[in-house]
Amino acid sequence: MSKEETLPSTVTRPIFFYGYVIVAVALLMLIVMLGARFSFGVFFAPVLDEFGWSRAATSGGFSLTWVFTGLLSIVAGRLNDKFGPRIIMTVSGFLLGLGYLLMSQLSSIWQLFLFYGVISIGMSAAIVPPLSTVAKWFVKMRAFMTGIVLAGTSVALMVIMPAANHAVLNCGWRTTYMIIGSVVLVVVVIAAQFLKRDPYQVGKLPYGYDGTSTAASGAQTYGLSFKEALHTKQVWLISLVYFCTYFVYHLFVVHMVIYATGQGFSSTRAVGIMAFLGGAGIAGRIIMGIFADRMGNKQAMLLSAGLMMLALFWLLLAKDLWMLFLFGVAFGFGHGGIATMESPVVANIFGMRSHGVILGLVFFCDTVGGAMGPFLAGYIFDITS
């Protein structure tokens, strides 16, 4: 350990570890913010019915703003490294809530892109600042704690998405957008006030950091700069892996409900498939997080990717409802595992010096893939149906 990485004498090991509060707050914010984001699927059919737009144009609003979300996540990661998550998440929660409130007033296609542009600015901080902050609070159990936070994605699919579907059926899609916007604005802004950038800020040590070279990734000065990371092949290989992962994942998140209803199943049963996908995702994030901490991130990524691939082959044969539910379980578990590895892999390879902005770059590649998947699926449907 170099002199600049030596811990100050005022840094102590905590009796109560505030990192667990960080994990709980990050989990709550992800549930609310990603639940709002993924609820796009339940608004898809009602908006199409009211305005008569094409599937490609409507899903294009989701796709284009998702790209901006990823691009801005690089900025959010840099700002998080510099200023910490509290102010970033406060502004993010306000803009995200505002965007959904504006969607309740939607009347033309250009407004769809504009309002989702506001949403994309708010959503840009939904993943990178919380996960980067958790990585700074933990050395040991980093993948496990990351998995717990990312379980919020699956909880959102299980709870927020069905709740949004119920509200759309009973209250209408405009009122539902107003409800979602209000909840996001209030919950995220309040929750953000409990965030702290890292344990050093309050004179504490990260969990599991013993001050030796074997745990150097716990030191905030350790690792590559963003510019140095750009010159490594590892950062681009990781980015490619997550581009492909989210190309497939978001394709199903956006189109699964309308695909299942097109197969003759009710919207309630279709949303139930997404709930099963979300439940399996929780198990995948937690189980594979524990596995990664013990056996390695690479092994966990390979197992998870293999399961996703098998699930896709299964979907080619799936005609009955139970087969679609089984697809949701396998696909959700595999995605949950590989998603959990993103932040820990970046921390382990590149260190904590510029963790937020490097993670933001990888997440940007997630979003490019996640944007292309839904749009191409909608386009192929439009030209072949």
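Conventions we followed
- Counting starts from 1 at the beginning of each chain's written sequence and moves along it residue by residue.
- In view of the model being predicted, local features appear only for residues whose pLDDT reaches at least 70, and side-chain atom pairs are presented and counted only at 80 or more, with totals across whole chains, interfaces and linings using the full set of residues.
- Side-chain metrics in this entry use all non-hydrogen atoms of the structure; hydrogen atoms and water are not considered.
- Going along the chain from the N terminus, every DSSP run of H or I of four or more residues is numbered as a helix, and every run of E of two or more is numbered as a strand.
- C-alpha atoms define the radius of gyration, and 2.2 Å times the number of residues to the power 0.38 defines the globule rule.
- Note on classification: 1.4 Å probe, protein chains only; a residue is buried when its accessible area is under 20% of the maximum for its type, exposed when over 50%, partly exposed between these limits.
- Whether two residues are in contact is decided by their heavy atoms: any pair within 4.5 Å suffices.
- Under the counting rule used here, the positive set is Lys and Arg, the negative set is Asp and Glu, and His together with the chain ends is not counted.
- Working definition for charges: the position is that of NZ of Lys, CZ of Arg, CG of Asp or CD of Glu.
- For this analysis, a ring pair means two rings from Phe, Tyr or Trp (six-membered ring only for Trp) whose centres lie within 6.5 Å, classed as stacked if their planes differ by under 30 degrees, edge-to-face if by over 60, and tilted for the remaining angles.
- A ring is scored as having a charge over it whenever the NZ atom of a lysine or the CZ atom of an arginine sits within 6 Å of its centre and within 35 degrees of its normal.
- The pLDDT value expresses, per residue, how confident the predictor is, ranging between 0 and 100.
- Definition used for salt bridges: Asp or Glu carboxyl oxygen within 4 Å of a side-chain nitrogen of Lys or Arg.
- Every angle, taken between N-to-C directions, lies between 0 and 180 degrees, and every axis is a line fitted to C-alpha atoms, over only the stretch in contact when it is a helix.
- Each angle receives one of four descriptions, namely roughly parallel if under 35 degrees, roughly antiparallel if over 145, roughly perpendicular if within 65 to 115, and oblique otherwise.
- Take the far helix as the reference: if the near one is turned anticlockwise from it by less than a right angle, the crossing is left-handed, and if turned clockwise, right-handed.
- Note on residue categories: nonpolar means Ala, Val, Leu, Ile, Met, Phe, Trp, Tyr, Cys or Pro, charged means Asp, Glu, Lys or Arg, and polar means any other residue, Gly included.
- Between the first and last residue of a helix there are one fewer steps than residues, each counted as 1.5 Å, and that sum is the expected span.
- The term polar contact refers here to a pair of N or O atoms within 3.5 Å; inside protein, the definition further demands a hydrogen-donor-capable atom paired with an acceptor-capable atom, and it admits residues adjacent in sequence only when both atoms are side-chain atoms.

## Description of the overall build of the protein
Then step 1. Of the regular secondary structure elements, the protein holds 15 helices and 0 strands.
Then step 2. Its C-alpha atoms give the protein a radius of gyration of 20 Å, near enough to 21 Å, the size a compact globule of 385 residues would have.
Then step 3. Seen along its three principal axes, the alpha-carbon backbone of the protein occupies a region of about 65 × 40 × 40 Å.
Then step 4. Expressed as a percentage of the 385 residues in the protein, the buried residues total 55%.
Then step 5. Sequence separation of 24 or more characterises 84% of the internal contacts of the protein that already satisfy a separation of 6 or more.
Then step 6. The protein carries 22 positive and 13 negative side-chain charges, and their two centres are separated by 6 Å.

## Quick notes on the packing of aromatic side chains
Then step 1. Scanning all chains against the criterion turns up 14 aromatic pairs.
Then step 2. Seen in terms of ring centroids, F43 and Y177 are 3.8 Å apart; in terms of plane orientation they differ by 10 degrees. Their pairing is stacked. A residue pair is termed long-range when its members are at least 10 positions apart, and F43 in helix α2 (residues 40-51) and Y177 in helix α8 (residues 173-192) qualify at 134 residues. Side by side, F43 and Y177 carry an identical accessibility label, which is buried.
Then step 3. Through successive ring pairs, a cluster of aromatic residues spans F43, F51, Y100, Y116, W173 and Y177.
Then step 4. Looking at K196, its charged tip hangs above the ring of Y18, at a distance of 5.7 Å from the centre.

## Quick look at unusual backbone geometry
Then step 1. One non-glycine residue, M141, lies in positive phi territory at about 60 degrees.
Then step 2. With respect to the helices and strands, the residue M141 is situated in the loop between α6 (128-137) and α7 (142-171).
Then step 3. Judged by relative accessible area, which is 27%, M141 ranks as partly exposed.

## Description of the confidence of the model for the protein
Then step 1. Looking at the protein as a whole, its pLDDT mean stands at 83, while 90% of the residues score no less than 70.
Then step 2. In this model residues 1-9 is a low-confidence stretch, pLDDT under 50, and it forms 12 contacts with partners more than four residues away in sequence or in other chains.

## Quick notes on the pattern of salt bridges
Then step 1. Counted under the stated rule, the structure contains 4 salt bridges.
Then step 2. With a shortest N-O distance of 3.8 Å, R353 and E228 are connected by a salt bridge. Remark: E228 occurs in helix α9 (residues 226-230) and R353 occurs in the loop between α14 (342-350) and α15 (355-384); sequence separation between them is 125 residues.
Then step 3. Classification of E228 as partly exposed rests on a relative accessible area of 39%.

## Quick word on α6
Then step 1. With 10 of its 10 residues buried, α6 lies for the most part within the structure.
Then step 2. Residues of α6 that are buried: V128, P129, P130, L131, S132, T133, V134, A135, K136 and W137.

## Digging into the side chain of S354
Then step 1. Tracing the backbone shows S354 in the loop between α14 and α15.
Then step 2. Look at S354 and you get buried, because its relative accessible area is 6%.
Then step 3. Those residues in contact with S354, other than ones at most four positions away along the chain, are D81, L224, S225 and F226.

## Some words on the environment of A125
Then step 1. Structurally, A125 is set in the loop between α5 (109-123) and α6.
Then step 2. For A125, a relative accessible area of 2% translates into the label buried.
Then step 3. In this structure the C-alpha to C-alpha distance between A125 and T69, which are 56 residues apart in sequence, comes to 8.3 Å.
Then step 4. Those residues within four positions of A125 in sequence are excluded, and the remaining contacts are A76, I88, M89, S92 and P130.

## Focus on the packing of α6 against α7
Then step 1. Across the interface, α6 lies against α7 with an axial gap of 9 Å and an inter-helix angle of 150 degrees. When the axis of α6 is compared with that of α7, the two are roughly antiparallel. Handedness of the α6/α7 crossing: right-handed. Contacts from L131, V134 and A135 of α6 reach α7 at R142, M145, T146, V149 and L150.

## Overview of the packing of α7 against α14
Then step 1. For the pair α7 and α14, interaxial distance at closest approach is 8 Å and the crossing angle is 150 degrees. For the element pair α7 / α14, the angle class is roughly antiparallel. As α7 runs across α14, the sense of the crossing is right-handed. Two secondary-structure elements touch here, α7 through R142, A143 and T146 and α14 through S343, P344, A347 and N348.
Then step 2. Of the residues assigned to the contact of α7 with α14, the class counts are 3 nonpolar, 3 polar and 1 charged.

## Description of helix α1 (residues 19-38)
Then step 1. The terminal C-alpha atoms of α1, which comprises 20 residues, lie 28 Å apart, in line with the 28 Å expected from a rise of 1.5 Å per residue.
Then step 2. Across the 20 residues of α1, 15 count as buried, placing the element largely inside the fold.

## Quick notes on the environment of P199
Then step 1. In this structure, P199 sits in the loop between α8 and α9.
Then step 2. Distance from P199 to G19, taken between C-alpha atoms, is 7.7 Å for residues 180 residues apart in sequence.
Then step 3. When residues no more than four places from it in sequence are discounted, the contact partners of P199 are K136, W137, K204, L205 and P206.

## So, the side chain of S39
Then step 1. Structurally, S39 is set in the loop between α1 and α2.
Then step 2. A polar contact is formed between the side chain of S39 and the backbone oxygen of A36, at a distance of 2.6 Å.
Then step 3. Not counting residues within four places of it along the chain, the set of residues in contact with S39 comprises A164 and I180.

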